[in-house]
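Given next are the chains, with one letter for each unit.
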Amino acid sequence: MIDDLAVAKTASFFVVKKRLSGKAVEALFVALRANYAVSAHNIFKHTREVQGAARWSAICFTYEAPPSFLASTTEVRETLCGYLLLVEYQGHAAVFSSRISLPASFKTTHFSPVPVERVEGAIAKGDAVFQRIRMRNMSVSQFAMRNKTLEAPNLATVVGPAGSRRYAPQTYTVSTNGTHSTATPSTGRISIRSERAGLDELIDFAEDVVDAVRLDPVDVSAFIRSFARPVSLADALASSEPITMAIDTNALVDAVTGAEATIRLIHAGGNPVELTTAELNALIAQLDLPLDIVGDARVREARLPGAAVEAASISLNKSRISLRSLSLPPAADVEVESLDMPIGEDPERRTLQRYLDDTNALIVLFEDFQLAYIDGQVFRDEGMQGGGSAFLRYLHPNAALTGVTSEKGTFTAEKMSFDATSSFGAIVDHVAAADTILICDDLGDEWADFIGIREDGGVTQVSFYHAKHGDLSLGAGPFHVAVSQAIKNLANMSFPEERVALKVLGWGNTYNAPGQATQIPRTIRSNAPDLLDAVARARTAPEALRRATIVTSSLSKQAVEEVFAEIQNGQRPSPSFVQLYWLLQSFFSACTEIGATGSIVCRP
């Protein structure tokens, strides 16, 4: 029956770290049959047969499972047929499969990942034309766009390098000399678009790929080099300390609720019950929180910021960072099962911590803010070389913020303007002085603290100003609220038509501070006879410039420049500055995604 095999040329490639034997492969096949509760005879089974310089093993059988569209508790079963083909060649292994998965224990014992740079060198060659790419943001901020997918006949002609440095490629499709290949470097999965192939062609495909990944990568595409670059974990740990960790909850949610869901989450214990939607949401909210890494040993604690209790722990191993524990409920009390098995009957049921570790869901940031550990690989954002010039250009000093003593100032019933010594006053009198229309939108259904519109020479500029006051700081803490507000309201910069009329009506009122009405008009300035018409023109302007600006007295551009200068001289930045850098990078990146420009107006 093996001669009837006809499948796509798609396989996961590994380095063999523990020699395979006939006994090991036979034990694998026994474990597979047990995992899927198989009682019928195999359709075919072959163990380590020789073909040229390669050896191959294969198994195929039928098993019963609940239909994916019925609850796991149903007694209804459908018969499925699965296969697995294992090709060994030159110290590597290629695994082809459908409806059967390698047990995690076998994979851990016998295989290690093919280095990302090797996969990259084999597929992303200098003459490759990139047509599709899925990327992961290197930030752990919950406000960042975590993943995005781009597609075009030739991405190099439509994607600029400015926004790519903060993204690590996860999966990409390229065309090389008429051959279309898709690679997921972090998992070693590689496929070639072709007609369905039989056994001999699959073995040839496996040998060709292994020959390619064994070569030192020398001719890598300039396009892929514009993204975050892979770095060995050993090199990263030799030069920098990990300071922050988070979990890639996006991948977890997809695995639980996506169109191709593969797992269920259950409460640990002898009476397994699947998590409700509310419980899943609470779990994801917990896992979304970045944790501070403390200690200097191989195994280190991770804690919620400001807390003294361990929430998780990580282990800095030779080739990967592992998630050792999740200590706080609800995460500590959740287990993972395969959807292919009835609830409570998965022999490979595992803790959520182990599942997240097995799937490389851990994200770690370092003191060297150019580094990020994602998908089991360290990446470097090389765009930060050169004293942080790419970052500093987003910071605009304004001397008026030096004398600011509060965010909004004080209020009385007779007051007709914001205090000059407040952040609000600095925006009105200095930062937004050139805006011919300026509206205070603070409080209520707030889009920004101030909204400015300027029409000059046929060009329309829309500015959303978000004010923040505080003591000078180089940490992320003072910025979380302002960044959250700014990113949340990016969509409103296009003035949604269905909401504008009500907003304009409110802008005709005076400003009422909490507990105190004033005489300050919400429409600070306007040169438009009809404000609603002016807003409509700004919404439909074909080349409108949209600016999201955080105005803060808690940051000094000079202080940031000094930190970058110290970094250039070999000093490590503080963990709080690293978090600030990634938080603001997330803000700038989010603005770019919707065609806006993000910036920070701060003290000189």
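Just so you know, these numbers come straight off a predicted model, no measurement behind them. For every chain, the first residue of the written sequence is number 1, and numbering continues from 1 onward in sequence order. With the structure being a predicted model, the display of local features is reserved for residues of pLDDT at least 70 and the display and counting of side-chain atom pairs for 80 or more, all residues being used for whole-chain, interface and lining totals. The side-chain figures draw on all heavy atoms in the structure; neither hydrogens nor water molecules are used.

> Looking at this structure, I do not really get the packing of helix H7 (residues 249–257) against helix H8 (residues 277–287). What am I missing?
Two measures define how a pair of helices packs: the angle their axes make with one another and the distance between the axes. Two numbers describe how H7 lies on H8: the axes approach to 10 Å, and their chain directions differ by 160°. Considering their axes alone, H7 and H8 lie roughly antiparallel with respect to each other. In this structure, H7 meets H8 at a crossing whose hand is right-handed. Here Thr249, Leu252, Val253, Val256 and Thr257 of H7 lie close against H8, whose contacting residues are Leu280, Ile284 and Leu287. Gly is put with the polar residues, along with every residue not named as nonpolar or charged; the nonpolar set is Ala, Val, Leu, Ile, Met, Phe, Trp, Tyr, Cys and Pro, and the charged set is Asp, Glu, Lys and Arg. A per-class count over the contact of H7 with H8 returns 6 nonpolar, 2 polar and no charged. Interaxial angle, 0 to 180 degrees, is taken between N-to-C directions of lines fitted to C-alpha atoms, where a helix line uses only the stretch in contact. Here a helix means four or more residues in a row that DSSP labels H or I, a strand means two or more in a row labelled E, and each is numbered from the N terminus. Here roughly perpendicular refers to angles of 65 to 115 degrees, roughly parallel to angles under 35, roughly antiparallel to angles over 145, and oblique to all remaining angles. Helix crossings get a hand from a simple test, with the near helix turned counterclockwise from the far one by less than a right angle marking a left-handed crossing and a clockwise turn marking a right-handed one. Contacts were defined at the residue level, with two residues in contact if any of their heavy atoms lie within 4.5 Å.

> Explain the pattern of salt bridges here, please?
A side chain of one charge can pair with a side chain of the opposite charge if their charged atoms are brought near each other. Any carboxyl oxygen of Asp or Glu that lies within 4 Å of a side-chain nitrogen of Lys or Arg is treated as forming a salt bridge with it. Inspection of every chain in the model, using the stated rule, returns 20 salt bridges. In this structure, the salt-bridge partner of Arg354 is Asp358, at a minimum N-O distance of 3.6 Å. Of the two residues, Arg354 and Asp358 are both situated in helix H9 (residues 352–358); the distance of 4 residues between them amounts to about one turn of the helix. Each of Arg264, Glu335, Glu337 and Arg349 takes part in salt bridges that share partners, so that together they form one network.

> Which parts of the structure should I look at to understand the sheet that holds strand S12 (residues 229–231)?
Spatial ordering of the open sheet is given by S12-S23-S22-S21-S13-S15-S16-S17-S18, a layout of 9 strands whose pairing is antiparallel. Whereas interior strands pair on both sides, the edge strands pair on one side only; in this sheet they are S12 and strand S18 (321–326). Each strand of the sheet is rotated relative to its neighbour by a mean of 30°, with strand direction disregarded. The pairing criterion is simple: DSSP has to find at least two bridges between the two strands. In the sheet, S12 pairs with strand S23 (residues 377–380) via 3 bridges, with the strands oriented antiparallel. In the strand pairing of S23, Val231 is matched with Val378.

> So what exactly am I meant to see when it comes to the nonpolar core here?
Judged by nonpolar contacts, the single largest core of 58 residues is most densely connected at Leu395, Phe495, Phe587 and Ile600. It is helix H16 (residues 575–593) that contributes the most residues to this core, 11 residues altogether. Excluding its chain neighbours within four sequence positions, the residues that come into contact with Ile600 are Tyr394, Leu395, His396, Ile550, Thr552, Leu555, Leu584, Phe587 and Phe588. Joining through side-chain atoms within 4.5 Å is the link that ties buried Ala, Val, Leu, Ile, Met, Phe, Trp, Tyr and Cys residues into a set, and such a set is a nonpolar core. To sort residues, take the accessible area from a 1.4 Å probe on protein chains only and compare it with the maximum for the residue type: under 20% means buried, over 50% means exposed, and anything in between is partly exposed. Core analysis: the second largest hydrophobic core is formed by 45 residues, Ala124, Ile190, Leu199 and Phe227 among them.

> It is not clear to me how the pairing of strand S21 (residues 362–366) should be interpreted in this structure. Could you clarify?
Taken residue by residue, a regular strand's side chains alternate between the two faces of the sheet. Across the 5 residues of S21, 5 count as buried, placing the element largely inside the fold. Of the two faces of S21, the one holding Leu362, Val364 and Phe366 and the one holding Ile363 and Leu365 are both buried throughout. With 5 bridges joining them, strand S13 (residues 242–247) and S21 adopt antiparallel strand pairing. Each bridged residue has a counterpart across the sheet, and for Thr244 the counterpart in S21 is Leu365.

> How do you make sense of the sheet that holds strand S19 (residues 334–338) when you look at a structure like this?
The strands making up a sheet are joined through hydrogen bonds of the backbone, oriented either antiparallel or parallel. The 3 strands are arranged S14-S19-S20 in an open sheet whose pairing can be described as antiparallel. Only two strands of the sheet have a single partner each, and these edge strands are strand S14 (263–267) and strand S20 (350–351). The pairing of S14 with S19 spans 5 bridges and is antiparallel. When the sheet's bridge partners are listed, Ile263 is paired in S19 with Ser338.

> Can you help me understand helix H15 (residues 557–568) in this one?
Note: α-helices contain 3.6 residues per turn, so residues at a spacing of three or four share the same orientation. Here the expected length of a helix is defined as 1.5 Å per residue gap, with one fewer gap than residues. Look at H15: 17 Å from first C-alpha to last across 12 residues, which is about the 16 Å you get at 1.5 Å a residue. For H15, the complete set of buried residues consists of Lys557, Val560, Val563 and Phe564. Taken down its axis, H15 places every buried residue within 120° of arc, on the same side. Definition of a polar contact: a pair of N or O atoms within 3.5 Å, with one able to donate and the other able to accept a hydrogen when the atoms are protein atoms, and with sequence-neighbouring residues admitted only if both atoms are side-chain atoms. By the N-cap criterion, in which a side-chain oxygen at the helix start approaches the backbone nitrogen of a residue two or three places on, H15 is capped by Ser556, the distance to Gln558 being 3.3 Å. Here, the arc refers to the directions that run from the helix axis to the C-beta atoms.

> It is not clear to me how the state of the cysteines should be interpreted in this structure. Could you clarify?
By definition, a disulfide links the sulfur atoms of two cysteines through a covalent bond. Here, two cysteine sulfur atoms that lie within 2.5 Å of each other are counted as a disulfide. Across all of its chains, the model carries 0 disulfides by this definition. Not engaged in a disulfide, the cysteine Cys60 finds its nearest cysteine sulfur in Cys81; these two sulfurs lie 3.7 Å apart. Among the residues examined, Cys60 registers a relative accessible area of 6% and is labelled buried.

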